[in-house]
Amino acid sequence: MMFNNSDKPKNHILLTQPVPDAIDEILLRDYHVHRLYQASDSQKMLADIGPQIEGVVTGGAKGLSREMMAALPALKIVAVSGIGTDAVDLAYAAGRGIFVTTTPGVLTDDVADMALGLLISTLRQMSEGEQVVRSGRWPQTNLPLARKVTGVTVGIIGMGRVGQAIARRVSAFDTRILYTDLAAIPTLDYPFVADLHALAQEVDVLILAASADSGNVIITESVLQALGPQGYFINVARGKLVDEKALLAALTEKRIAGAGLDVFASEPHVPEGFFTLNNVTLQPHRASATLQTRLAMGNMVLENLAACFSGALPPHRV
Ligand code: 8YV
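Residues numbered from 1 in each chain as written. Predicted model: local features only at pLDDT ≥ 70, side-chain atom pairs only at ≥ 80, totals over all residues. Heavy atoms only, no water.

- Under an unreviewed UniProt entry, the name given to the protein chain is Glycerate dehydrogenase, and the organism recorded is Phytobacter massiliensis.
- The UniProt entry for the protein chain carries this comment under Sequence similarities (unreviewed entry): "Belongs to the D-isomer specific 2-hydroxyacid dehydrogenase family." (UniProt positions renumbered as here; feature names shortened; annotations may be inferred.)

This is how it looks when you write it as structure tokens:
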């Protein structure tokens, strides 16, 4: 989809993180682009150009704080390249009449694919196996037998688009699927388990795919205890939903069998205790990071920006 605003004054856009080259080229054609992620002194950059900024493009994890929005008095839109708005101060944005937009639907498959990849890699200990080969330790290493994936019982926390896409994928492995959410979803045939501890006790693999809008920690030490020493935890949602200290302790002490993690509480900083564990698969928040999906997300960002600056309602506003 092309957006050509060449016949009107260019609006000023602030990028908090890189976008795919093809999207960047259109932004440069249609807008004055300022790159916060390249600034040596971000505070100075905001002081210098903040009053001109009318739109921000950011990521789901990075979001945009109240303090940042307050430094941008001309801000009209926060265009999130992602589906999570938990890192955007929505109340403050609403109070100022700032649109907040997302890119719904186009990243569902990638995030669900990542969840499946983390599940298989973690149960089959593929991360440890790769390290054994890469380090030349195969001849003298006898890895322990792994966990069979086919036939596991899976509990999904959050049955929105991503959770349901995960369920469709894992069902191909002859799995039993249970779920929990704020309420049962009548259109789903999977058993609904209202209590998270009961779900954790019932399943072999607990997959977190819930929105983080509430901001509350839901994977607590007691939930991990309920999951137990034969249980696995997969997270493709948000690290802030997890008591990360309790998770690290449970993994270190083998009180759960393993974890596959794409997200962490304070990205990109990860507690070093995870680095030496052999029962984890770790990814740097890559769930939607494919060229095809990031281009689709970028085009939705462009659509939202163009609508806002043409005086229309952005199509994917929250
Ligand atoms: C984003 C995410 O794609 O969708 C979200 O909310 O966290 C990611 O999948 C990432 O933040 C890059 O924009």
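**Some details on the overall build of the protein chain**
Then step 1. On a plain count of helices and strands, the protein chain comes out with eleven helices and eleven strands.
Then step 2. Against the compact-globule benchmark of 20 Å for 318 residues, the protein chain has a radius of gyration of 21 Å, which places it among compact chains.
Then step 3. Taken along its principal axes, the extent of the C-alpha atoms in the protein chain is 65 × 50 × 35 Å.
Then step 4. Residues classed as buried in the protein chain amount to 49% of the 318 residues present.
Then step 5. In the protein chain, once contacts between residues fewer than 6 apart in sequence are set aside, the share between residues at least 24 apart is 58%.
Then step 6. Counting every atom, the protein chain has about 15200 Å² of accessible surface; 53% of that belongs to carbon and sulfur.
Then step 7. Here the protein chain carries 26 positive and 31 negative side-chain charges, and the mean point of each set is 2 Å from the other. (Helix = DSSP H or I, 4+ residues; strand = E, 2+ residues; numbered from the N terminus. Rg over C-alpha atoms; globule rule 2.2 N^0.38 Å. Buried < 20%, exposed > 50% of the residue type's maximum accessible area, 1.4 Å probe, protein only. Contact = heavy atoms within 4.5 Å. Areas by Shrake-Rupley, 256 points an atom, 1.4 Å probe, with all protein chains shown as cover. Lys, Arg positive; Asp, Glu negative; His and termini not counted. Charge placed at Lys NZ, Arg CZ, Asp CG, Glu CD.)

**Some points on the site of the ligand**
Then step 1. Neighbouring the ligand are 14 residues; Ser81, Ile83, Gly84, Arg238 and Ser288 lie closest to it.
Then step 2. In this structure, Gly60 approaches the ligand through a main-chain N or O atom, which is 3.0 Å from an oxygen atom.
Then step 3. Between Arg238 and the ligand, the recorded distance is 2.8 Å, taken from a side-chain N or O atom to an oxygen atom.
Then step 4. Isolated, the ligand exposes 330 Å² of accessible area, and the fraction of that covered by the protein chains is 93%. (Near = heavy atom within 4 Å. Polar contact = N/O pair within 3.5 Å; in protein donor to acceptor, adjacent residues only side chain to side chain.)

**Describing the nonpolar core**
Then step 1. Counting residues in each nonpolar core, the largest one holds 32 residues, and the members touching the most others are Leu206, Leu208, Ile219, Phe233 and Leu247.
Then step 2. Going through the elements one at a time, α8 (196-202), β8 (205-208), α9 (221-227), α10 (244-252) and β10 (258-261) are the ones with two or more residues in this core.
Then step 3. Counting residues per element, this core draws most heavily on α10, at five residues.
Then step 4. When residues no more than four places from it in sequence are discounted, the contact partners of Ile219 are Ile157, Leu196, Leu206, Leu208, Leu224, Phe233, Leu241, Val242 and Asp243.
Then step 5. One finds Val111, Leu116, Val152 and Tyr179 within the second-largest nonpolar core, a separate group that totals 30 residues. (Core = buried A, V, L, I, M, F, W, Y, C linked by side-chain atoms within 4.5 Å.)

**Concerning the domain arrangement of the protein chain**
Then step 1. Assigned domains within the protein chain: domain 1 (11-106 + 291-309) and domain 2 (108-282).
Then step 2. Relative placement of domain 1 and domain 2: their C-alpha centres are 31 Å apart.
Then step 3. Across the boundary between the two partners, domain 1 contributes eleven residues, which contact nine residues of domain 2.
Then step 4. Area buried by domain 1 at its contact with domain 2 is led by Asp86, Gly105 and Thr293, which between them contribute 58% of it. (Domains from an automatic or database assignment. Buried area = accessible area lost by both parts, 1.4 Å probe.)

**Regarding the UniProt feature "domain: D-isomer specific 2-hydroxyacid dehydrogenase catalytic" (unreviewed entry) in the protein chain**
Then step 1. Those places that UniProt annotates as "domain: D-isomer specific 2-hydroxyacid dehydrogenase catalytic" (unreviewed entry) correspond, in this numbering, to residues 13-318.
Then step 2. Taken as a whole, residues 13-318 contains 35% helix and 16% strand, while its terminal C-alpha atoms sit 20 Å from one another.

**With respect to helix α5 (residues 108-123)**
Then step 1. Here α5 spans 23 Å end to end across 16 residues, near enough to the 22 Å set by a 1.5 Å rise per residue.
Then step 2. Across the 16 residues of α5, twelve count as buried, placing the element largely inside the fold.
Then step 3. Of all the residues in α5, the buried ones are Thr108, Asp110, Val111, Ala112, Met114, Ala115, Leu116, Leu118, Leu119, Ser121, Thr122 and Leu123.
Then step 4. Backbone geometry just downstream of α5 places Gln125 in the positive-phi region, at approximately 55°. (Expected span 1.5 Å × (residues − 1).)

**Here we look at the pattern of salt bridges**
Then step 1. Scanning the model with the defined rule gives 13 salt bridges in all.
Then step 2. Close ionic contact of Arg66 with Asp89 constitutes a salt bridge, the shortest N to O distance being 2.9 Å. Of this pair, Arg66 sits in helix α3 (residues 66-70) while Asp89 sits in the loop between β4 (77-81) and α4 (90-96), and the two are 23 residues apart along the sequence.
Then step 3. When its relative accessible area of 40% is taken as the criterion, Arg66 is described as partly exposed.
Then step 4. Residues Asp86 and Lys240 are paired through a salt bridge, measuring 2.8 Å at the closest nitrogen-oxygen approach. Of this pair, Asp86 sits in the loop between β4 and α4 while Lys240 sits in the loop between β9 (232-235) and α10; the two residues are 154 residues apart in sequence, bridging distant segments of the chain.
Then step 5. Residue classification places Lys240 among the partly exposed residues on the basis of a relative accessible area of 32%.
Then step 6. Where salt bridges share partners, they join Asp86, Arg238 and Lys240 into one cluster. (Salt bridge = Lys/Arg side-chain N within 4 Å of Asp/Glu carboxyl O.)

**Some remarks on the UniProt feature "domain: D-isomer specific 2-hydroxyacid dehydrogenase NAD-binding" (unreviewed entry) in the protein chain**
Then step 1. Per the UniProt record, "domain: D-isomer specific 2-hydroxyacid dehydrogenase NAD-binding" (unreviewed entry) is annotated on residues 116-287.
Then step 2. Helix makes up 29% of residues 116-287 and strand makes up 15%, while its end C-alpha atoms are separated by 11 Å.

**A word on the packing of aromatic side chains**
Then step 1. On inspection of all chains with the given rule, the structure shows three aromatic pairs.
Then step 2. Geometrically, the ring pair formed by Phe264 and Phe274 is edge-to-face, given 6.1 Å between the ring centres and 75° between the ring planes. With Phe264 in the loop between β10 and β11 (280-282) and Phe274 in the loop between β10 and β11, the pair connects residues that are ten residues apart, well separated along the chain. In terms of burial, Phe264 and Phe274 fall into one category: buried. (Phe/Tyr/Trp six-rings, centres within 6.5 Å; stacked < 30°, edge-to-face > 60°.)

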